[in-house]
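# Observations on chain architecture
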Amino acid sequence: MAFIDFSDVWLAYNEELEAFGQYAVEAIDLKVDEGEFIAIVGPSGCGKSTFMKLATGLKMPSKGRILIDGQPVTGPLKISGMAFQAPSLLPWRTTLDNVLLPLEIVEPYRSNFKAKRAEYAERARRLLEKVGLGGYEDKFPWQLSGGMQQRASICRALVHEPKMLLLDEPFGALDAFTREELWCILRDLWTEQRFNVILVTHDLRESVFLADTVYVMSKGPGRFVVRREIDLPHP
Ligand code: ADP
Ligand code: ADP
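Residues numbered from 1 in each chain as written. Chains lettered and ligands numbered in written order. Predicted model: local features only at pLDDT ≥ 70, side-chain atom pairs only at ≥ 80, totals over all residues. Heavy atoms only, no water.

The protein is annotated in an unreviewed UniProt entry as ABC transporter ATP-binding protein from Ramlibacter albus.

Written out as structure tokens, the structure is:
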């Protein structure tokens, strides 16, 4: 059974657009296996961000069906973690407290979070160590370089052990050396933990280096398609 299952999914951002047949994504059919790492490449405006919003339940499709882990999506999913081009750490929180943020949100009661804080902090420390930020737990975002902030934002996306990691151009703003180092770190984390990854990128080399499957999303005259383009035999 596919972990992510889109069948004939269409989304128009509002009813007026739908009345004019203006869909942001059209007829997406996509099946992603559990633990699969996919990349989506395509030009601006082809519907990549819209796809991400659908996959995390931030938007409901106008037509079609989305199943995640066999369940119909009815609202925002707690099983996903996200990172974007800008690390967007909270400036008044330390690295550690930034990484812990999703756990504070996911825990239904503040008291639960407090009770488990030590255990959670240990988990966050292990992640920070893995991405090369050991020793920076108590620094504030302004004390870190751009690349270090992005590492922290990847830890934040993974700290609640999501089944699905969504990355929207996460390495776009980094220099080439830092970018390739983070590619390797991400591949290592994924090899260890086998969460699903959906990576949106403009960088073809990045998509080919990282993903099992690369999908090209294209924008025709009013048409958007996702299709399986390249199969890569990764270990
Ligand atoms: P990408 O992420 O590939 O750049 P998007 O998913 O942002 O593409 O956009 C797909 C299409 O949907 C574009 O035509 C865009 O103009 C339109 N769109 C995106 N967001 C909105 C919105 N909030 N309201 C109306 N149209 C939107
Ligand atoms: P990155 O490769 O993460 O973008 P830089 O190339 O800016 O980082 O810096 C290389 C190394 O220098 C970092 O891994 C870190 O050890 C150290 N460093 C950079 N900026 C800072 C800072 N603001 N505070 C402390 N150490 C820093």
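## Focus: the sheet that holds strand E1 (residues 4-11)
With antiparallel pairing, the four strands of this open sheet are ordered in space as E2-E1-E4-E5. Of all strands in the sheet, those bounded by a partner on one side alone are strand E2 (25-32) and strand E5 (71-72). Sheet topology places E1 next to strand E4 (residues 63-68); five bridges connect them, and they run antiparallel. Note on E4: the bridge partner recorded for Ser-7 is Arg-65. Docked against the sheet, helix H2 (residues 48-55) engages E1, E2 and E4, running at close to 125° with respect to E1. (Pairing = 2+ DSSP bridges. Helix = DSSP H or I, 4+ residues; strand = E, 2+ residues; numbered from the N terminus. Contact = heavy atoms within 4.5 Å. Axes fitted to C-alpha atoms, helices over the stretch in contact; angles between N-to-C directions.)

## Focus: the nonpolar core
Membership of the largest hydrophobic core comes to 41 residues, with the highest contact counts inside it found for Phe-37, Leu-100, Leu-165 and Phe-171. Of all the elements in the fold, those that place two or more residues in this core are strand E3 (37-41), helix H3 (95-106), helix H4 (110-130), helix H5 (146-158), strand E7 (164-168), helix H6 (176-193) and strand E8 (196-201). The contacts of Leu-100, once residues within four sequence positions are left out, are Phe-113, Arg-117, Tyr-120, Ala-121 and Ala-124. Within the second largest apolar cluster, 25 residues are counted, among which are Leu-11, Ile-28, Ala-55 and Met-164. (Core = buried A, V, L, I, M, F, W, Y, C linked by side-chain atoms within 4.5 Å. Buried < 20%, exposed > 50% of the residue type's maximum accessible area, 1.4 Å probe, protein only.)

## Concerning the layout of surface pockets
One way to see where empty space is left: roll a probe the size of a water molecule over the atoms. Considering only enclosed or pocket space, the largest pocket measures out at about 400 Å³ in volume. Around the largest pocket, the lining comprises 16 residues; the ones closest to its centre are Leu-77, Ser-80, Gly-81, Met-82 and His-160. Contributing elements (two or more residues each) for the lining of the largest pocket: strand E6 (80-83), H3 and H5. A total of four residues in the lining of the largest pocket trace back to one element, the largest contributor, which is H3. Each residue belonging to the lining of the largest pocket can be placed in one class, and the counts come to 10 nonpolar, four polar and two charged. (1 Å grid on protein atoms, 1.4 Å probe; cavity = no way out; pocket = protein on both sides within 12 Å on 5 of 7 lines; lining within 4 Å. Points joined across faces, edges and corners; volume = space filled by probe spheres on them. Nonpolar A, V, L, I, M, F, W, Y, C, P; charged D, E, K, R; others polar.)

## Things to note about the site of ligand 2
Residues in close proximity to ligand 2 include Tyr-136, Gln-143, Ser-145, Gly-147, Met-148, Arg-151 and Thr-178, which together make up its full environment. Here a nitrogen atom of ligand 2 sits 2.8 Å away from a polar atom, N or O, in the main chain of Gln-143. One nitrogen or oxygen atom from the side chain of Ser-145 is found 3.0 Å from an oxygen atom belonging to ligand 2. For ligand 2, whose unbound accessible area comes to 530 Å², protein coverage reaches 46%. By residue number, the principal contributor to the shell around ligand 2 is H5, which donates three residues. Here the residues of the shell around ligand 2 are counted per class, giving two nonpolar, four polar and one charged. (Near = heavy atom within 4 Å. Polar contact = N/O pair within 3.5 Å; in protein donor to acceptor, adjacent residues only side chain to side chain. Areas by Shrake-Rupley, 256 points an atom, 1.4 Å probe, with all protein chains shown as cover.)

## What about the site of ligand 1?
For ligand 1, the full set of nearby residues is Tyr-13, Leu-17, Ala-24, Pro-43, Ser-44, Gly-45, Cys-46, Gly-47, Lys-48, Ser-49 and Thr-50. Between Lys-48 and ligand 1, the recorded distance is 2.9 Å, taken from a backbone N or O atom to an oxygen atom. Contact distances for ligand 1 include 2.7 Å between an oxygen atom and a side-chain N or O atom of Ser-49. A total of 550 Å² of accessible area belongs to ligand 1 in isolation, and the protein chains cover 60% of it. With three residues, the single largest contributor to the shell around ligand 1 is H2. Residue classes in the shell around ligand 1 are distributed as five nonpolar, five polar and one charged.

## Re the environment of Glu-206
Inspection of the secondary structure puts Glu-206 in helix H7 (residues 204-210). Those residues within four positions of Glu-206 in sequence are excluded, and the remaining contacts are Phe-171, Arg-179, Trp-183, Leu-199 and Thr-201.

## Let's talk about the pairing of E3
Burial analysis of E3 places five of its five residues in the buried class, which makes it a mostly covered element. Of the two faces of E3, the one lined by Phe-37, Ala-39 and Val-41 and the one lined by Ile-38 and Ile-40 are each fully buried. Here E3 pairs with E8 via five bridges, running parallel. Across the sheet, Ala-39 pairs through a bridge with Leu-199, a residue of E8.

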